[in-house]
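Examination of the molecular architecture
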Amino acid sequence: MRHKGGPRLLATDREGALYLERARIHVEGGRIVYHITDDEHHRVYNIPHVNLAVLFIGQGTSITQDAIRLLGEEGVHLAVTGSGGSPMHMGALTTYTATRHFREMLPIYQQPDLSLTAAKALMRDRSERMKTIGGLYVRKYLGLRDISELKKICGRLDADLDKVTNSQELLGFEGQFSKACYAQFSRMSGLSKNGTFHREAGISEPINRKDHVNLVNHLVDHGNYLCYGMAGAALWALGIPPHMSVFHGKTRAGGLVFDLADGFKDSLVLPLAFAAILSRRDETPETTFRARMINAFDDREILKEAIATINRMIAAGQRNHK
């Protein structure tokens, strides 16, 4: 039966995300379930759609119309992703969302000086999360206690943000920060011993897990797509159109999704992607990486963090609004 009052739980009160691959999703007895068949068993699991924020659908997965309808009625954000290409994001148009965040975001999007202030707020969150969340995962997955060099990189970005006067300068400082982070994680993981790491997006499959540079690049791509799904869900929950970018290309489709994801993706994706090269016995590094990413979304409450970033970004823009 259709739930008349809209979603029962706010996005911030839900579990973060579920990723399904090579599964069949449908409705059975009023529940959303998925089937996974292997050589020996035919297994059925429930999808807790009332308490779920984002459902990622990976390769080889099918979903029925009835299942999509129930997901939409409960306000679950559907993200179709895989190991390559651009992810697709879908949310029900009938979800009841107040217009306050959209109205507050509109002048920030329209005025370059307000956009710059909002973008700087995003970058400060990016730096802070690298020091906290990134540092935590460096200790947990890379086995290192000394993160002083990582903190120095973040400190330089913080200092640079104080003197930014336009978006081009900010793009330059962002590029320096990203390059320094990749170099530092390459050193911390030991990858730099085999040469300089170069970031290359869109690595095609199949991936040779012994080719560590390609493996890390592939996992960074995949992790970024997952983070875009979380960012898209946060914007959708607040009723903010994803094209209202404040930083990365005002005309880029979904630009605000990429802006927002930048506030947390480095701190999650980089330590987990570079950690994948440390385990020589792991025959399925992508599966391990993805499971760690999904767990991190829940453990670090990334959906709440993303929504908090949006609120800080809007507040920063409003303080600068004359």
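What counts and what doesn't
Residues numbered from 1 in each chain as written. Predicted model: local features only at pLDDT ≥ 70, side-chain atom pairs only at ≥ 80, totals over all residues. Heavy atoms only, no water. Helix = DSSP H or I, 4+ residues; strand = E, 2+ residues; numbered from the N terminus. Polar contact = N/O pair within 3.5 Å; in protein donor to acceptor, adjacent residues only side chain to side chain. Axes fitted to C-alpha atoms, helices over the stretch in contact; angles between N-to-C directions. Parallel < 35°, antiparallel > 145°, perpendicular 65-115°, else oblique. Contact = heavy atoms within 4.5 Å. Buried < 20%, exposed > 50% of the residue type's maximum accessible area, 1.4 Å probe, protein only. Expected span 1.5 Å × (residues − 1). Arc of directions from axis to C-beta. Phe/Tyr/Trp six-rings, centres within 6.5 Å; stacked < 30°, edge-to-face > 60°. Core = buried A, V, L, I, M, F, W, Y, C linked by side-chain atoms within 4.5 Å.

1. What to know about the side chain of His 35
- With respect to the helices, strands and loops of the structure, His 35 is situated in strand S3 (residues 31-37).
- In terms of polar contacts, His 35 uses its side chain to reach the side chain of His 26, at 2.8 Å.

2. Section: the packing of helix H2 (residues 100-110) against helix H3 (residues 112-141)
- Closest axis-to-axis distance for the H2/H3 pair is 5 Å, and the angle between their directions is 110°. Relative to H3, the element H2 lies roughly perpendicular. Residue-level inspection shows Pro 107, Ile 108, Tyr 109 and Gln 110 of H2 in contact with H3, the latter providing Pro 112, Leu 114, Ser 115 and Ala 118.

3. A word on the environment of Ile 302
- Mapping Ile 302 onto the fold places it in helix H10 (residues 302-319).
- Expressed as a C-alpha distance, the spacing of Ile 302 and Ala 17, which sit 285 residues apart in the sequence, is 9.9 Å.
- Leave out the neighbours within four places in its chain, and Ile 302 touches Ile 133, Met 230, Phe 264, Leu 268, Ala 296 and Phe 297.

4. Remarks on the environment of Val 269
- Mapped onto the elements of the fold, Val 269 is located in helix H8 (residues 265-275).
- A relative accessible area of 1% places Val 269 in the buried class.
- For the pair Val 269 and Gly 223, spaced 46 residues apart in sequence, the C-alpha separation works out to 5.6 Å.

5. Things to note about helix H4 (residues 148-161)
- With 14 residues, H4 should cover 20 Å at 1.5 Å per step; its first-to-last C-alpha distance of 20 Å lies within 8% of that length.
- Among the residues of H4, those classed as buried are Leu 150, Ile 153, Cys 154, Leu 157, Asp 158, Asp 160 and Leu 161. End-on, the buried residues of H4 take up no more than an arc of 165°, which puts them together on one face.
- Check the buried side of H4 and you find it contacts H3 and helix H5 (167-189).

6. Here's the deal with the packing of aromatic side chains
- If you walk through the whole model with that rule in mind, you get seven aromatic pairs.
- For the pair Phe 185 and Phe 274, a centre-to-centre distance of 6.1 Å together with 25° between the ring planes defines the contact as stacked. In this pair, Phe 185 is assigned in helix H5 and Phe 274 in helix H8, connecting sequence segments 89 residues apart. For the pair shown, Phe 185 and Phe 274 are each scored as buried.
- Between Phe 197 and Phe 274 the ring centres are 5.2 Å apart and the planes differ by 65°, which places this aromatic pair in the edge-to-face class. Of this pair, Phe 197 sits in the loop between H5 and helix H6 (212-238) while Phe 274 is found in helix H8, placing the two residues 77 residues apart along the sequence.
- Exposure remark for Phe 197: the relative accessible area of 10% places this residue in the buried category.
- Chaining the aromatic ring pairs together yields one cluster made of Tyr 182, Phe 185, Phe 197 and Phe 274.

7. Here's the deal with H10
- With 18 residues, H10 ought to run about 26 Å at 1.5 Å a step, and its terminal C-alpha atoms sit 25 Å apart, in line with that.
- Regarding H10, the residues found buried are Ile 302, Leu 303, Ala 306, Ile 307, Thr 309, Ile 310, Met 313, Ile 314, Ala 316 and Gly 317.

8. Concerning the nonpolar core
- Core analysis: the largest hydrophobic core is formed by 82 residues, its most contacted members being Phe 56, Leu 268 and Phe 297.
- Element by element, the count of residues in this core is highest for H6, at 14 residues.
- Sequence-distant contacts of Leu 268, defined by excluding residues within four places in its chain, comprise Ile 133, Tyr 137, Cys 227, Met 293, Ala 296, Phe 297 and Ile 302.
- Residues Ala 23, Ile 32, Leu 52 and Leu 71 belong to the second largest nonpolar core, which totals 14 residues.

Honestly, it's all geometry; don't read function into it.
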